[in-house]
Amino acid sequence: MGVGVSIFFLTIGAILRFAIEPDVLGDNVHIDVIGVIFMIVGAVGVVLSVVMAPRRGATSEGRLMHRENHPPEL
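## As for the overall build of the protein
Within the protein, the secondary structure is distributed over two helices and zero strands. As presented, the protein carries roughly 6,200 Å² of accessible surface, and 66% of it is formed by carbon and sulfur atoms.

Quick look at the structure:
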């Protein structure tokens with residue numbers, strides 16, 4: 001999960017938690033609890049994306065190949 005998806009989950013969670021009345025869907029569904037869960041998932045996704053980002057860059061540097069261009073002699 002990337003940073004963009006994590007921020008999306010944080011935003012949706014905050015909307016569900018703070019902007020919508022908790023009893024919109026009745027007594028059986030707690031929208032505010034679902035919002036908190038989305039915010040937790042988004043926060044964990046942001047933290048994991050930041051922690052894993054340096055590892056992703058380190059593996060791609062090892063595969064860099066240098067190629068010289070020698071034109072044919074006429």
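## Looking at the packing of aromatic side chains
Applying the stated criterion to the full structure yields two aromatic pairs. Taken together, the aromatic side chains of Phe8, Phe9 and Phe38 make up a single cluster linked through ring pairs.

## Quick notes on a nonpolar patch on the surface
Among the surface-exposed residues, Val36, Ile40, Val44, Val47, Leu48, Val51 and Met52 lie close enough to one another that they form a single nonpolar patch of about 580 Å² accessible area. With respect to the helices, strands and loops of the structure, Val47 is situated in helix H2 (residues 31–61).

## Quick look at the side chain of Ser6
With respect to the helices and strands, Ser6 occurs in helix H1 (residues 3–19). There is a polar contact of 3.4 Å between the side chain of Ser6 and the backbone nitrogen of Val46. With residues near it in sequence (within four places) discarded, Ser6 still touches Met1, Gly42, Gly45, Val46 and Ser49.

## Quick notes on the side chain of Ser49
Mapped onto the fold, Ser49 is located in helix H2. Contact partners of Ser49, with chain neighbours within four places excluded, come to Met1, Gly2, Val3 and Ser6.

## As for H1
Taking 1.5 Å of rise per residue, 17 residues should cover 24 Å, and H1 covers 23 Å from first to last C-alpha, within 8% of that figure. All of the buried residues along H1 are Ser6, Gly13 and Leu16. Looking straight down H1, one finds that the buried residues subtend no more than 95 degrees of arc, so they occupy a single side. The exposed residues of H1 that point more than 90 degrees off its buried face are Gly4, Phe8, Phe18 and Ala19.

Cut-offs used in this document
Residues numbered from 1 in each chain as written. Predicted model: local features only at pLDDT ≥ 70, side-chain atom pairs only at ≥ 80, totals over all residues. Heavy atoms only, no water. Helix = DSSP H or I, 4+ residues; strand = E, 2+ residues; numbered from the N terminus. Areas by Shrake-Rupley, 256 points an atom, 1.4 Å probe, with all protein chains shown as cover. Phe/Tyr/Trp six-rings, centres within 6.5 Å; stacked < 30°, edge-to-face > 60°. Patch = residues over 30% accessible without salt bridge, like charges linked within 9 Å, V, L, I, M, F, W, Y side chains within 5 Å. Salt bridge = Lys/Arg side-chain N within 4 Å of Asp/Glu carboxyl O. Polar contact = N/O pair within 3.5 Å; in protein donor to acceptor, adjacent residues only side chain to side chain. Contact = heavy atoms within 4.5 Å. Expected span 1.5 Å × (residues − 1). Buried < 20%, exposed > 50% of the residue type's maximum accessible area, 1.4 Å probe, protein only. Arc of directions from axis to C-beta.

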